[in-house]
Amino acid sequence: MIKNDNTILLDHKARKKDLKWNKLVDDYVNYVKEYVLNYKKALKGNSISLSKYPYMRAKSEALGLKLDKAQEKELLTKEQIKKILKIKMKIVNSCCE
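My aim in this report is to walk through the structure given alongside it, one point at a time. (Residues numbered from 1 in each chain as written. Predicted model: local features only at pLDDT ≥ 70, side-chain atom pairs only at ≥ 80, totals over all residues. Heavy atoms only, no water.)

Regarding the side chain of Gln80
Then step 1. Mapped onto the fold, Gln80 is located in helix 3 (residues 78-95).
Then step 2. Among the polar contacts listed, one links the side chain of Gln80 to the backbone nitrogen of Thr77, at a separation of 2.7 Å.
Then step 3. If sequence neighbours within four positions are ignored, Gln80 has contacts with Asp18, Trp21, Asn22, Val25 and Leu75. (Helix = DSSP H or I, 4+ residues; strand = E, 2+ residues; numbered from the N terminus. Polar contact = N/O pair within 3.5 Å; in protein donor to acceptor, adjacent residues only side chain to side chain. Contact = heavy atoms within 4.5 Å.)

Printed below as a string of structure tokens:
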């Protein structure tokens, strides 16, 4: 099957969008890991983590909301959605420990 220039351009744009969302999902994963770490340390009274905790929480929530909107608009792949759900479960589990 021969692809014309428009098809190639559309494929490139789709891959570029996937990369953008992959980066955002990875950023979310990293922020949540840092958030959970600071949350646990803050509970133990660590002053540095107490100061970082609000920022990390706000940033992870903002990324989470952006990803939720992307999911509602069906912009994410199944793999990206699975990764997001896995990290959300990590938040729930760490807060219940």
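Brief notes about the packing of aromatic side chains
Then step 1. According to the stated counting rule, one finds one aromatic pair in the structure shown.
Then step 2. Here the basic side chain of Lys20 rests over the ring of Trp21, its NZ or CZ set 4.7 Å away from the ring centre. (Phe/Tyr/Trp six-rings, centres within 6.5 Å; stacked < 30°, edge-to-face > 60°. Lys NZ or Arg CZ within 6 Å of the ring centre and 35° of its normal.)

Looking at helix 2 (residues 47-72)
Then step 1. The end-to-end C-alpha separation of helix 2 is 38 Å, in line with the 38 Å expected for 26 residues at 1.5 Å each.
Then step 2. At Tyr53, helix 2 is deflected by roughly 35°, the largest bend along its length, and proline Pro54 occurs up to four residues later in sequence.
Then step 3. Residues of helix 2 that are buried include every one of Ser49, Tyr53, Met56, Ser60, Leu63, Gly64, Leu67 and Ala70, and no others.
Then step 4. Looking at where helix 2 begins, the residue whose side-chain oxygen comes 3.0 Å from the main-chain nitrogen of Ile48 is Asn46.
Then step 5. Positive backbone phi, approximately 60°, marks Glu74, located one or two places after helix 2. (Expected span 1.5 Å × (residues − 1). Bend = angle between axes of the 7 residues up to and from the residue. Buried < 20%, exposed > 50% of the residue type's maximum accessible area, 1.4 Å probe, protein only.)

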